[in-house]
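Fold and contact review
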Amino acid sequence: MRKLIFLLVVVLLFLAAQTIFFYQGRYQAPPTAPPRLDDIYVTPPPSGEYSERYRRETGTVVIDRSHSNSFSIEELNVPLMRIMSRGFAVEYLGGNEEAAGNPEEPPRFVGPEEKAPGLEDRLRYADTLVIILPQWAFTEEEVETVKEFVGKGGKLLLVADPTRHHHINSIAAEFGLIFEDDYLYNLKENDGNFRNIYVNQFREGGIAQNLTRIALYSAGSISSPGGGIAFTDTNTLSSRITARGGLSPLALSEDGRVLAIFDLTFMAEPYNNVLDNNQLISNLADWLTESQRSFTLPDFPYFLKERPRIAYADAQMLDSGLRLKNSLLEQGKSPELEEHEETPADGTEDLIFIGLFKDAEKVAEVLERGGISITVTEEEEEKEAKEEETGEEIEKPEAAAPNGEEEAMAEDGEETPPEAIAEDEEEEKEPPVSIKIEGLGEVFQEEGTSILYLSRGKDAYTLLILADSEKTMETTLKQLESGAFRSWLVNQELAIYHAPKSKEPVRPVRRPAAR
Amino acid sequence: MKRIYSVRQWRIWRGLKQWGVWGGLGYAVLALVALAIGYVIFDTAIARTKIGSSISDRFIARPTIGIIKLDTSIFSFTRDMMVEMLRYARDSDSIKAVVLEVESPGGGVTSTEEIYLDIMRLREEKPVVASIGMGALSGAYYVAVASNYIYAKPTSFIGNVGVWITLPPEREELSEDIIPTGPFKSSGSSRRRTIAWQEMVKQGFIRTVVSGRGDKLRMSQEELSKAEIYIGMEALRYGLIDELGSTSDAIERAAAMAGITNYRVLDIEEELDLQTPFFLLSSGENPQDQGALSSFKDIVPLYYFMYRAPEVTR
């Protein structure tokens with residue numbers, strides 16, 4: 001019995017030793033509970049009401065798609081509908097229709113070093129140009145064309161997005177606007193993601209009228225000299241710029257004609273319905289369709305309204321008048337043709353006057369505005385008066401035969417070649433018409449001369465087309481229809497055309513447009 | 001009536017009484033000496049031999065600290081391995097504490113959450129101490145905050161608290177032959193709502209970190225939501241970890257929390273004979289997951305607690 005007890009004691013001692021050897025405390029589990037997650041929710045911001053009151057006007061918005069622009073037309077559905085409901089037409093300039101929005105697809109028409117075909121032509125009549133996310137830089141020539149367009153009062157909308165590659169600064173910088181290489185974010189208050197920021201500080205009036213708060217989705221900041229329209233708060237930061245607050249994702253150029261927006265997403269469904277985004281889009285449509293565009297002579301025939309009046313000086317010009325009328329009909333105008341009676345003093349309707357230099361006195365008031373005086377010599381006046389009276393062309397006096405051949409032709413009684421007569425007459429006579437232009441002096445006038453002069457009235461334009469003969473008038477109208485007259489510009493209101501003497505086809509020499 | 005004892009009984013009684021206190025003390029000293037001898041014999045001879053330890057384990061098992069390694073991206077395969085190891089650690093009587101060695105860029109959200117919840121469950125019974133190696137980013141840090149204590153090296157990468165997401169396609173391709181019964185049958189949700197989910201998941205992540213670190217955290221939620229990466233020294237300053245130290249330090253801490261000494265360390269992965277597939281070691285991603293992801297993510301959004309290096313565009 002004692003041995004049993006002893007053995008038991010030894011074993012117990014052994015186990016006790018083991019316990020003490022291994023265990024010197026106990027684990028006290030701290031109170032643990034996973035965090036509560038069932039009360040986490042994200043509430044989408046409300047939709048704001050917006051005003052869609054507008055005035056219907058006519059005009060054209062041209063959207064550039066010739067620089068491999070990375071957007072799709074569907075993304076612009078909302079603003080396009082608003083623009084069209086205001087009466088404006090929307091046109092797309094160039095580019096591959098299928099490749100729109102797909103930067104990897106090479107366009108069919110232009111390469112990055114080429115000028116977009118039709119840019120200059122489109123801008124002759126467009127009221128607004130929209131450039132969105134161009135992947136190719138604008139060439140120098142294109143930049144000059146766009147600058148000229150804006151200089152005439154045309155409006156330019158530039159849109160980019162930090163989530164897509166673009167070269168918009170190649171055009172934006174020309175107007176003092178720089179799209180920064182950043183994105184804006186707010187970790188404290190946003191629409192479901194730190195890049196979906198709220199903007200609630202605006203410049204009063206204009207594009208920002210009736211805006212309290214908008215939401216932008218991956219927007220960037222635009223640097224401009226005092227041109228910001230919308231401003232971020234101090235909790236909205238830029239990924240690159242260290243300044244807090246006051247960053248502008250919307251900005252206007254100094255002259256107010258170029259608007260820059262650094263987010264595309266807010267214009268598309270469903271983001272347009274958030275807060276005051278719809279109001280901003282309506283304001284944008286209003287701005288795009290309030291045309292301030294003025295026109296110059298190179299913009300013919302786009303400065304004419306729908307029903308211009310064509311006034312021909314007399315019956316001699318009727319055929320030319322008909323020709324011009326038909327040409328304008330093909331351009332979609334509905335001109336009225338009539339013999340000139342009186343030039344409207346205040347220029348309230350578009351007028352095209354066609355006549356010879358002798359008819360210049362009928363439009364002397366208009367010519368005076370341009371500092372142009374046209375004087376026809378007495379002899380020329382008499383000759384033309386007789387021609388009118390008799391209806392026959394008076395033969396010019398025979399010139400001395402310069403060579404035997406022509407003498408022989410004269411002895412035979414056949415008609416002397418008009419070229420020979422003309423050359424001789426030129427050697428001996430003074431020019432029949434004197435054209436003097438203020439600031440330029442007397443224009444060298446030779447046979448085959450015509451002038452085109454555009455005068456701007458209050459709400460209308462008056463275009464004078466004066467030539468020295470019917471034949472020259474015909475040639476001039478051809479130049480006008482083809483656009484070749486732009487090679488003969490003296491300035492933005494005046495062109496002087498000289499018909500070439502040789503029978504070779506005229507190749508207009510491209511000259512920089514006078515400013 | 002008085003009880004009559006025998007002479008022998010009386011002598012024993014008298015002897016004991018004579019010895020009295022001295023006898024009791026003697027017996028006590030004897031017991032202690034026996035204890036000490038037993039301790040020394042056990043420590044030096046028995047416990048360190050296989051036979052000895054297996055015999056002694058039959059009486060009082062030698063406490064063990066289990067090592068669980070998270071050294072790959074967290075996807076379904078990793079999750080399954082981790083869950084099995086955590087279950088083993090929880091069920092084993094000899095395992096008294098766990099050290100979690102973390103070296104991972106994170107991974108899928110639901111897989112990460114599963115591991116997190118299992119560690120939280122284990123922690124109710126046994127202490128878990130995390131030891132961060134080269135880095136515990138995103139989901140890996142999510143897992144680490146489930147532990148009682150976090151060690152890291154001075155230059156370990158820690159943090160990147162945030163969520164990646166793949167959105168459903170913008171436009172659904174319609175078919176006349178395969179027809180769903182609702183507009184979100186294939187996508188699961190609109191893109192806008194999916195982004196809202198992402199924000200909720202992110203907030204959940206932040207709350208988990210705040211809850212796990214408690215008063216030790218010295219960083220605002222806004223700062224956390226930037227998803228920045230911090231090195232160990234910084235992480236210590238901001239309370240993202242508890243101490244700078246090695247895995248050995250983590251083991252000692254785990255032992256101290258469990259109240260054990262003279263423990264052994266057991267690599268549970270080796271114990272269970274689990275092997276990390278070679279494709280996980282090289283790419284960090286399970287091709288099965290990739291295959292499943294590539295088809296699954298085409299139709300529903302997927303979330304990732306994962307560090308992704310930025311793409312270089314210039």
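A quick note: this is a predicted structure, and the numbers were derived from the prediction, not measured. (Residues numbered from 1 in each chain as written. Chains lettered and ligands numbered in written order. Predicted model: local features only at pLDDT ≥ 70, side-chain atom pairs only at ≥ 80, totals over all residues. Heavy atoms only, no water.)

Counting its secondary structure elements, chain A contains 12 helices and 23 strands. Burial statistics for chain A: of 515 residues in total, 49% are counted as buried. Of the roughly 26600 Å² of accessible surface on chain A, a fraction of 48% belongs to carbon and sulfur atoms. (Helix = DSSP H or I, 4+ residues; strand = E, 2+ residues; numbered from the N terminus. Buried < 20%, exposed > 50% of the residue type's maximum accessible area, 1.4 Å probe, protein only. Areas by Shrake-Rupley, 256 points an atom, 1.4 Å probe, with all protein chains shown as cover.)

What follows is about the pattern of salt bridges. Counted under the stated rule, the structure contains 33 salt bridges over all chains. In this structure, Lys 226 of chain B and Glu 223 of chain B form a salt bridge, with 3.4 Å as the shortest nitrogen-oxygen distance. By relative accessible area, Lys 226 of chain B is classed as partly exposed at 34%. Among the residues examined, Glu 223 of chain B registers a relative accessible area of 28% and is labelled partly exposed. Residues joined by salt bridges that share partners form a network here, namely Glu 120, Asp 121, Arg 124, Glu 148, Lys 152, Arg 293 and Asp 299 of chain A. (Salt bridge = Lys/Arg side-chain N within 4 Å of Asp/Glu carboxyl O.)

Tallied over the entire structure, the rule returns 19 aromatic pairs over all chains. Taking 5.5 Å as the distance between ring centres and 70° as the angle between the ring planes, the aromatic pair formed by Tyr 230 of chain B and Tyr 238 of chain B counts as edge-to-face. Here Tyr 238 of chain B falls in the partly exposed class, since its relative accessible area comes to 26%. Cluster of aromatic residues (ring-pair linked, three or more members): Phe 295, Phe 300, Phe 303, Tyr 461 and Phe 485 of chain A. (Phe/Tyr/Trp six-rings, centres within 6.5 Å; stacked < 30°, edge-to-face > 60°.)

All names here are of chain A. It is at 10 Å that the axes of helix 7 (residues 318–330) and helix 12 (residues 470–482) come closest, and there the two elements cross at 10°. As judged from the angle between their axes, helix 7 and helix 12 are roughly parallel. Contacts between helix 7 and helix 12 pair Ser 320, Arg 323, Leu 324 and Ser 327 from the former with Met 473, Glu 474, Leu 477, Lys 478, Leu 480 and Glu 481 from the latter. In terms of residue class, the contact of helix 7 with helix 12 is made up of 4 nonpolar, 2 polar and 4 charged. (Axes fitted to C-alpha atoms, helices over the stretch in contact; angles between N-to-C directions. Parallel < 35°, antiparallel > 145°, perpendicular 65-115°, else oblique. Contact = heavy atoms within 4.5 Å. Nonpolar A, V, L, I, M, F, W, Y, C, P; charged D, E, K, R; others polar.)

Contacts between chain B and chain A engage 45 residues on the former and 41 residues on the latter. Carbon and sulfur atoms supply 63% of the area buried between chain B and chain A, which totals about 3800 Å² over both sides. Three residues stand out in chain B for area buried against chain A, namely Ile 60, Arg 192 and Arg 207 of chain B, and they jointly supply 19% of the buried area on that side. Between chain B and chain A we count 3 salt bridges in total. A salt bridge links Arg 192 of chain B to Asp 191 of chain A; the nearest nitrogen and oxygen atoms lie 2.9 Å apart. (Buried area = accessible area lost by both parts, 1.4 Å probe.)

Below, the discussion takes up the confidence of the model for chain B. Residue and element names in this part refer to chain B. With 77% of its residues at a pLDDT of at least 70, chain B reaches an overall mean of 84. For chain B, the element scoring lowest by mean pLDDT is helix 12 (residues 287–296), at 41; strand 5 (residues 149–152) scores highest, at 98. Confidence drops under pLDDT 50 across residues 282–301; counting only partners more than four residues distant or on other chains, this segment forms 37 contacts. (pLDDT = per-residue confidence, 0-100.)

To continue, consider the sheet that holds strand 20 (residues 441–443) of chain A. The strands that make up a sheet pair up through hydrogen bonds in the backbone, lying either parallel or antiparallel. All names here are of chain A. Across the sheet, which stays open at both edges, the 3 strands sit in the order 18-19-20 with antiparallel pairing between neighbours. This sheet does not close on itself; its edge strands, each paired only once, are strand 18 (372–376) and strand 20. On average, each strand axis in the sheet is tilted by 25° relative to the strand beside it, whichever way the strands run. (Pairing = 2+ DSSP bridges.)

A few words now on a negative patch on the surface. On the surface, a cluster of negative charge is contributed by Asp 91, Asp 93, Glu 124 and Glu 125 of chain B. For Asp 93 of chain B, the location among the structural elements is in the loop between helix 3 (76–91) and strand 2 (95–104). (Patch = residues over 30% accessible without salt bridge, like charges linked within 9 Å, V, L, I, M, F, W, Y side chains within 5 Å. Lys, Arg positive; Asp, Glu negative; His and termini not counted. Charge placed at Lys NZ, Arg CZ, Asp CG, Glu CD.)

Here we come to helix 6 (residues 191–213) of chain B. All names here are of chain B. The end-to-end C-alpha separation of helix 6 is 33 Å, in line with the 33 Å expected for 23 residues at 1.5 Å each. Among all positions in helix 6, only Thr 194, Ile 195, Ala 196, Gln 198, Glu 199, Lys 202, Gly 204, Phe 205, Ile 206, Thr 208, Val 209 and Arg 213 are buried. Two residues or fewer after helix 6 comes Gly 214, characterised by a positive phi angle close to 60°. (Expected span 1.5 Å × (residues − 1).)

Residue and element names in this part refer to chain A. Of the two faces of strand 7 (residues 196–199), both are covered, the one formed by Asn 196 and Tyr 198 as well as the one formed by Ile 197 and Val 199. Where strand 7 meets strand 9 (residues 214–217), 4 bridges bridge the pair, whose relative direction is antiparallel. What sits directly across from Val 199, in strand 9, is Ile 214.

This next bit is on the sheet that holds strand 14 (residues 258–261) of chain A. Residues and elements named next belong to chain A. Pairing is mixed across the open sheet formed by 8 strands, whose spatial order is 2-1-3-4-14-13-11-8. The outermost strands of the open sheet, each flanked by one partner alone, are strand 2 (88–93) and strand 8 (201–202). Both strand 8 and strand 11 (residues 228–231) contribute to a ladder of 2 bridges, which runs antiparallel. Its bridge partner lying in strand 11, Phe 202 is registered against Ala 230. The strands touched by helix 2 (residues 77–85) are strand 1 (59–64) and strand 2; relative to strand 2, the strand with the most contacts, the crossing angle is about 135°.

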